[in-house]
Amino acid sequence: MATPGNPLLIEFLKEWYETAKERDTKAASTYKRALESMTACPIPFTHPSECSQLKGIGPKIVERLTKSLESYNLANGLPPPQKPRGAKKRNTANALSDHLSAAAASPAPKRRRTTERAYIPKIRSGAYAVLIALLKIDMTLGNVTKQELIELAQPFCDASFEAPMATNKNYTAWSSVNGLVEKQLVWARGNPKRYCLTEEGIEVARGIVEAEKEKRRPSIDVEAEEETAAQRRYRTAHNTVFERIDDDEDDDTPDTRSATEKRAEAEARRRRYQLIITSPTVLHANTFTIQLILDNREVRSKTDREYVQNNLIKAGVTPHTRTLQVGDALWVARNADHEVVLDYIVERKRLDDLLSSIKDGRFHEQKFRLTKSGIKNVIYIIEDFSLPAAADGSIQDAIDTAISSTQVVNGFFVKRTKMLDDTIRYLARMTRMLEDMYRGKDLHLIPDRHVESQTYAQLREHLASTYPGKNWYLSYETFSTLVNKSASTTLRDLFLKMLMCVRGVSAEKACEIQRIYGTPIELVEAYERCRNEKERGEMVAEACKNAVGRRKVGVAVSRKIKEVWWGEEEEE
């Protein structure tokens, strides 16, 4: 290897690289590339500006090198560096060009052929703990939620699954789950997500167990009889939650099915069971408190962010603020171990904000998400506000129509207040009313593992009909996951929102259209089968001709839908 031609410049770059590395900044990789290029160059430079021809050295590094070299020369009584000119500059450029050409022409060193090694996580790491915990679960018991998996995996991991190891880091042991999903060792599906091992994951986990058995580590023996408290709770819950309609007969035939087939059959068997919750988590009467949860974006103004909280405290209610996925305020029942979302939620709109949300479509989208949240009592607070003098009668008509639709169509309770202070007093009164209402009542918590966004509405109906005398609620964590804007959106929801963007298409009409054309591609394919433009324009109206009431689609609206989804008719 040739001797570096610029040891002083190398020292500068090395110092900057080490400083950036200690501070863990992105500049470390930049200085590292520049240092490697400078170290590999045997040509001495008279001025740092000549370094710009090297790979990884740009104008900013050249400028910094120049300043450092000038300071060094001044401190040591040396003349300042001079930029080369004329023949000297050409000679340096030619020498550097020859060096780069020779380096490019020289054959690259042969790379050793490596064989791909199977992935084996580090012992007692997050990935290791997750694989071992999932292997311990009997596959016929189904998948596990995040919280269940954390409880099962924590005994096998040195790091915490919930708290970062360092204050300046955001990663926990749970972060390794994403890597396992990418390597297709763990399946994550549903909303809220549930986790299980893939066939490859089972092989890797069993390999780890066999290797540990050889090292005589009985603590992770999957066949061991001892179970942790979390595993016992999990197994007991699964054994008591479902009561089978019909018992499977014993079969002595050897089972040759794959893990995927077993898991699919177990899932199908679970869906045939009648849901009978025999030992749910219960918040017994008078063991919990009612807390008002306020969205932290609910402020009076940018300069007065604590106005709502301070005035609620003056009214005798201490709110807790956090980012809510839906609504502006809700109430929870809280004890030492659980936080349960009650059946009351508030959406607050000032009159000018209501008007702007009607114009940009947020009004319908927010009502859609409030309805989908499953909370029975939605309170829509509208605060009066002076609209611009230029506002005409059509704007007032639009506001009145929106308010009436919210009451009649969506079934929300609309509360009109004159100002923010009235809204604060109303929230305080509601909190005291709920405290009286839930005093002496037991609250039953729906187990997290039974909650899925696609079947939650049917689950609530089933519980209400099966147990009419009990009140069923969700934990706050599960509720937040269920109503998350990005996680809970399905193709059906997206299609409905797209349809409602067409002027004249209400939620009822959109539902009727989506019932006939299940997905956007089905609607487009139906347009393709039409023989002419007139037929396309009337297609949706003809398909919905048997609809009743507000679900019926007229010819004018049908033509607007066609213009959006197919395009306007071309003039010949």
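Below: a short report on this structure. Quantities reported herein were computed from a predicted structural model and do not represent experimental measurements.

### Describing the overall build of the chain
Across its full length, the chain carries 22 helices and 14 strands. For the chain, the proportion of its 572 residues judged to be buried stands at 41%. Within the chain, counting contacts between residues at least 6 apart in sequence, those at least 24 apart form 71% of the total. Split by element, the accessible area of the chain, about 34,200 Å² in all, is 49% carbon and sulfur.

### Quick word on the layout of surface pockets
Estimates place the volume of the largest pocket at around 1,700 Å³. Along the wall of the largest pocket there are 46 residues; nearest its centre are His364, Phe368, Asn410, Met500 and Ala507. Those elements giving two or more residues to the lining of the largest pocket turn out to be helix H12 (351–360), helix H13 (362–372), helix H14 (393–408), helix H16 (456–466), helix H18 (491–500) and helix H19 (507–516). The element best represented in the lining of the largest pocket is H13, accounting for 7 residues. Taken together, the residues of the lining of the largest pocket sort by class into 18 nonpolar, 14 polar and 14 charged.

### Focus: the side chain of Lys367
By secondary structure assignment, the location of Lys367 is in helix H13. No salt bridge is formed by the buried Lys367. Its closest oppositely charged neighbour is Glu508, at 8.2 Å. Polar side-chain contacts of Lys367 include one of 2.8 Å to the side chain of Asn410. Look past the residues within four positions of Lys367 in its chain and what remains in contact with it is Tyr380, Ser405, Thr406, Asn410 and Phe412.

### Quick notes on the nonpolar core
Soluble globular proteins tend to bury their nonpolar side chains together. If you look at the biggest cluster of nonpolar residues, it comprises 34 residues, and the most contacted ones within it are Leu330, Leu354, Tyr380, Ile446 and Phe479. With 4 residues, the single largest contributor to this core is H14. Sequence-distant contacts of Tyr380, that is, excluding residues within four places in its chain, are made with Glu347, Lys349, Leu354, Phe363, Lys367, Leu370, Thr406, Phe412, Phe413, Val414 and Lys415. Residues Leu131, Val144, Val177 and Leu197 belong to the second largest nonpolar core, which totals 32 residues.

### As for the pairing of strand S14 (residues 472–475)
The pairing of strand S10 (residues 339–350) with S14 spans 2 bridges and is classified as antiparallel. Its bridge partner being in S14, Val341 is matched across the sheet by Leu474. For strand S13 (residues 443–445) and S14, the ladder comprises 2 bridges, and the chain directions are parallel. Bridging across to S14, Leu445 finds its partner in Tyr473. Since S13 and S14 lie parallel, the crossover through H16 that links them has a hand, and here it is right-handed.

### A few points about the pairing of strand S11 (residues 377–383)
Summarising burial for S11: 6 of the 7 residues are buried, a large majority. Pairing analysis gives 5 bridges linking S11 to strand S12 (residues 413–417), with the strands arranged parallel. Within the sheet, the bridge partner assigned to Glu383 lies in S12 and is Thr417.

### Observations concerning the pattern of salt bridges
Going through the model one piece at a time under the given rule, you end up with 24 salt bridges. With a shortest N-O distance of 2.6 Å, Arg348 and Glu298 are connected by a salt bridge. In this pair, Arg348 is assigned in strand S10 and Glu298 in the loop between strand S7 (289–295) and helix H11 (307–314), connecting sequence segments 50 residues apart. Pair check on accessibility: Arg348 and Glu298 agree, each one buried. Between Arg350 and Asp352 there is a salt bridge; the shortest N-O distance is 2.8 Å. What makes Arg350 partly exposed here is its relative accessible area of 34%. Connected through shared salt-bridge partners, Glu347, Lys349, Asp353 and Arg362 make up one network.

### Regarding the packing of helix H20 (residues 520–529) against helix H22 (residues 555–565)
Two numbers describe how H20 lies on H22: the axes approach to 11 Å, and their chain directions differ by 100°. Between H20 and H22, the crossing angle belongs to the class labelled roughly perpendicular. Here Pro520, Leu523, Val524 and Tyr527 of H20 come into contact with H22, specifically with Ser558, Ile561, Lys562 and Trp565. Of the residues in the contact of H20 with H22, the class split is 6 nonpolar, 1 polar and 1 charged.

### Here we look at the side chain of Asn6
Here Asn6 lies in the segment before helix H1 (7–23). Apart from the residues within four sequence positions on either side, Asn6 is in contact with Met38, Ile43, Pro44 and Phe45.

### As for helix H8 (residues 199–214)
Taking 1.5 Å as the rise per residue, H8 with 16 residues should run 22 Å; its terminal C-alpha atoms sit 23 Å apart, in good agreement. Residues of H8 that are buried include every one of Gly201, Ile202, Val204, Ala205, Ile208, Val209 and Glu212, and no others. For H8, the angular spread of buried residues about the axis comes to 165°, placing them on one side. Residues of H8 that are exposed and point over 90 degrees away from its buried face: Glu203, Arg206 and Glu214.

### A word on the packing of aromatic side chains
Counted under the stated rule, the structure contains 10 aromatic pairs. Ring plane angle 85° and centroid distance 5.7 Å describe the contact between Phe495 and Trp565, whose orientation is recorded as edge-to-face. Residue Phe495 is located in helix H18, and its partner Trp565 is located in helix H22; the two are separated by 70 residues in the primary sequence. You can call Trp565 buried: its relative accessible area is 16%. On the basis of an interplanar angle of 40° and a centroid distance of 6.2 Å, the ring pair of Tyr527 and Trp566 is categorised as tilted. Of the two residues, Tyr527 sits in helix H20 while Trp566 sits in the segment after H22, which places them 39 residues apart along the sequence. Look at Tyr527 and you get buried, because its relative accessible area is 0%. Residue classification places Trp566 among the partly exposed residues on the basis of a relative accessible area of 32%. One aromatic cluster in this structure is built from Phe12, Trp16, Tyr31 and Tyr72. A cation sits over an aromatic face here: Lys441 above Tyr438, 5.8 Å from the ring centre.

### Brief notes about the sheet that holds strand S1 (residues 144–145)
The strand order across the open sheet built from 3 strands is S1-S3-S2, with neighbouring strands paired in antiparallel fashion. Of all the strands in the sheet, just S1 and strand S2 (186–189) have a single pairing partner and so form its edges. Pairing of S2 with strand S3 (residues 194–197) involves 4 bridges; the strand directions are antiparallel. Note that in S3 the partner of Trp187 across the bridge is Cys196. The sheet strands contacting helix H5 (residues 126–136) are S1, S2 and S3, and the helix crosses S3 at an angle near 85°.

What counts, and where the lines are drawn
- Residues numbered from 1 in each chain as written.
- Predicted model: local features only at pLDDT ≥ 70, side-chain atom pairs only at ≥ 80, totals over all residues.
- Heavy atoms only, no water.
- Helix = DSSP H or I, 4+ residues; strand = E, 2+ residues; numbered from the N terminus.
- Buried < 20%, exposed > 50% of the residue type's maximum accessible area, 1.4 Å probe, protein only.
- Contact = heavy atoms within 4.5 Å.
- Areas by Shrake-Rupley, 256 points an atom, 1.4 Å probe, with all protein chains shown as cover.
- 1 Å grid on protein atoms, 1.4 Å probe; cavity = no way out; pocket = protein on both sides within 12 Å on 5 of 7 lines; lining within 4 Å.
- Points joined across faces, edges and corners; volume = space filled by probe spheres on them.
- Nonpolar A, V, L, I, M, F, W, Y, C, P; charged D, E, K, R; others polar.
- Lys, Arg positive; Asp, Glu negative; His and termini not counted.
- Salt bridge = Lys/Arg side-chain N within 4 Å of Asp/Glu carboxyl O.
- Polar contact = N/O pair within 3.5 Å; in protein donor to acceptor, adjacent residues only side chain to side chain.
- Core = buried A, V, L, I, M, F, W, Y, C linked by side-chain atoms within 4.5 Å.
- Pairing = 2+ DSSP bridges.
- Right-handed = clockwise from strand over helix to strand, strands pointing away.
- Axes fitted to C-alpha atoms, helices over the stretch in contact; angles between N-to-C directions.
- Parallel < 35°, antiparallel > 145°, perpendicular 65-115°, else oblique.
- Expected span 1.5 Å × (residues − 1).
- Arc of directions from axis to C-beta.
- Phe/Tyr/Trp six-rings, centres within 6.5 Å; stacked < 30°, edge-to-face > 60°.
- Lys NZ or Arg CZ within 6 Å of the ring centre and 35° of its normal.

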